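Take a look at the letters that make up each chain.
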2 protein chains.
Amino acid sequence: MRHDSRLSRMLHVLIHMDRHEGAATSETIAAMLNTNPVVVRRTMAGLRQKGYVSSEKGHGGGWRLGRPLSEMTLLDIYEAVGEPAVFAVGPACDQPACLVEQAVNAALSEAFEEAEKLLLSRFGKVTLADIARDFDARMARHPALVAHAGAGWHA
Amino acid sequence: MRHDSRLSRMLHVLIHMDRHEGAATSETIAAMLNTNPVVVRRTMAGLRQKGYVSSEKGHGGGWRLGRPLSEMTLLDIYEAVGEPAVFAVGPACDQPACLVEQAVNAALSEAFEEAEKLLLSRFGKVTLADIARDFDARMARHPALVAHAGAGWHA
DNA sequence: AGTCTTGAAACAACATAAGTTACATGATGG
DNA sequence: CCATCATGTAACTTATGTTGTTTCAAGACT
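This structure is a prediction, so every number in the text was calculated from the model and none was measured.

Chemist: Explain helix α2 (residues 26–33) of chain A residue by residue, including any values.
Modeler: Residue and element names in this part refer to chain A. Residues S26, I29, A30, M32 and L33 constitute the buried set of α2. Looking straight down α2, one finds that the buried residues subtend no more than 160 degrees of arc, so they occupy a single side. In this fold, the buried residues of α2 make contact with α1 (6–18), α3 (37–49) and β2 (62–65).

Chemist: Please provide a residue-by-residue account of the relation of the copies chain A and chain B, values included.
Modeler: Between the two copies of this chain, the relationship is a rotation about some axis together with a displacement along it. With an RMSD of 0.0 Å, the operation that places chain A on chain B is a rotation of 180 degrees combined with a shift of 0.0 Å along the axis. Expressed as a symmetry operation, the mapping of one chain copy onto the other fits a two-fold axis. Interface overlap between copies: 100% of the residues of chain A at the interface are likewise at the interface in chain B, consistent with a symmetric, same-surface contact.

Chemist: Mind laying out the protein's contact with DNA strand D, listing which residues take part and the relevant values?
Modeler: Taken together, 29 residues surround DNA strand D, and among them R41 and R48 of chain A together with S5, T35 and R42 of chain B come closest. The side chain of S55 of chain A places a nitrogen or oxygen atom 3.0 Å from a phosphate oxygen of DNA strand D. Contacts to DNA strand D include G58 of chain B, whose backbone N or O atom sits 3.0 Å from a base nitrogen. Those elements giving two or more residues to the surface near DNA strand D turn out to be α3, β1 (53–56) and β2 of chain A together with α1 (6–18) and α3 (37–50) of chain B. It is α3 of chain A that contributes the most residues to the surface near DNA strand D, four residues altogether.

Chemist: Would you mind going over the packing of helix α6 (residues 128–141) of chain A against helix α5 (residues 99–125) of chain B in detail, with residue names and values included?
Modeler: In contact at an axis separation of 8 Å, α6 of chain A and α5 of chain B are set at 125 degrees when each is read in the N-to-C sense. In terms of orientation, α6 of chain A and α5 of chain B fall into the oblique class. Handedness of the crossing formed by α6 of chain A with α5 of chain B: right-handed. From α6 of chain A, I131, D134, F135, R138 and M139 of chain A reach across to α5 of chain B, where they touch L99, V100, Q102, A103, V104, A106 and A107 of chain B. Its residues assigned to classes, the contact of α6 of chain A with α5 of chain B shows nine nonpolar, one polar and two charged.

Chemist: Can you tell me about the side chain of E101 of chain A, naming the residues and giving the values?
Modeler: Of note, E101 of chain A is situated in helix α5 (residues 99–125). For the buried E101 of chain A, no salt bridge exists, and the shortest N-O distance to an oppositely charged side chain is 7.1 Å, to R9 of chain B.

Chemist: If you had to explain the pairing of strand β1 (residues 53–56) of chain B to someone new, which residues and values would you point to?
Modeler: All names here are of chain B. Strand direction decides the pairing type here: β1 and strand β2 (residues 62–65), joined by four bridges, are antiparallel. Residue pairing for β2: S55 is matched across the bridge by W63. Hairpin connection between β1 and β2: a loop of five residues separates the two successive antiparallel strands, and G58 in this loop has a positive phi of roughly 80 degrees.

Calculation criteria
- Residues numbered from 1 in each chain as written.
- Chains lettered and ligands numbered in written order.
- Predicted model: local features only at pLDDT ≥ 70, side-chain atom pairs only at ≥ 80, totals over all residues.
- Heavy atoms only, no water.
- Buried < 20%, exposed > 50% of the residue type's maximum accessible area, 1.4 Å probe, protein only.
- Helix = DSSP H or I, 4+ residues; strand = E, 2+ residues; numbered from the N terminus.
- Arc of directions from axis to C-beta.
- Contact = heavy atoms within 4.5 Å.
- Least-squares fit on C-alpha atoms with pLDDT ≥ 70 in both.
- Near = heavy atom within 4 Å.
- Polar contact = N/O pair within 3.5 Å; in protein donor to acceptor, adjacent residues only side chain to side chain.
- Axes fitted to C-alpha atoms, helices over the stretch in contact; angles between N-to-C directions.
- Parallel < 35°, antiparallel > 145°, perpendicular 65-115°, else oblique.
- Left-handed = near helix turned anticlockwise from the far one by under 90°.
- Nonpolar A, V, L, I, M, F, W, Y, C, P; charged D, E, K, R; others polar.
- Lys, Arg positive; Asp, Glu negative; His and termini not counted.
- Salt bridge = Lys/Arg side-chain N within 4 Å of Asp/Glu carboxyl O.
- Pairing = 2+ DSSP bridges.

Shown next, in the form of structure tokens:
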């Protein structure tokens, strides 16, 4: 399966929005992400429901941040995009009758759950403000690089 | 994406093979896994290449263990099935020009790599003999349960 | 020779994320 | 109010990768 990029995309958008004057339309965001406005609306809907962004219709409408980046963690956004399955590897059967398979599933589950716990725990400790700070540092090192130029996005 | 079940299936098969007299044919194994003999051959090919199993053609042929379960770890089998991608979540772009996206990817990669490291490290510490022991314990607790009966498999 | 079995290529089926089309709804501004 | 802009949402299509299937070649045993 091709992997799920919703989390990555939403982080990307949210940080840009933080540096963006006024509302950003789905179309503008879609251009930045190299995707479609409908995909943007679909994915952002989850963030809106949790209050991380708000949307407005009509002239001057679009998307705005619902709270500062310092109050959003990777875990928050991961949950807002629907908590997609973390792992691409898993058991062949969820409720096997075979005791061997049960033992195999138990061994794998234990390892996967431990790894997922670590991952989400780490997600919970990183705020989007942390990532924005890292962006600033990269910006300072590479002042010539400008992304999404002409699309209405700084940097 | 539907997740990859090759690791799980191979662990299941290997433990059964350990308790199985003689060689097991692809067809027998396929029946046990509720799949197709060709899928079995395809997946087992990776294990054969690493020496974890051997195969023989003709009458009385089939698959045999190439070494004791105590000398195979989950990591070994994971590698033998081709080290499939562990995570179903990932970046939207691998080499982004945008510095924001680079910062996002860096934050995510760090977390994912740490989790993968933990997972594989744990895989490396669990042998198939450990799982077989757990199976024996489950067997002792549920003596009535019999799996794959009639397909030539014990238990 | 005939049967059993693996080896491997080629193709079909299936699931899911992502992309697209189409239209309804609501807000702004003349 | 009416045209325009923007989101909201359903339905459909596309793309990708795992899994399943068909088919045939080749080796091994009786």
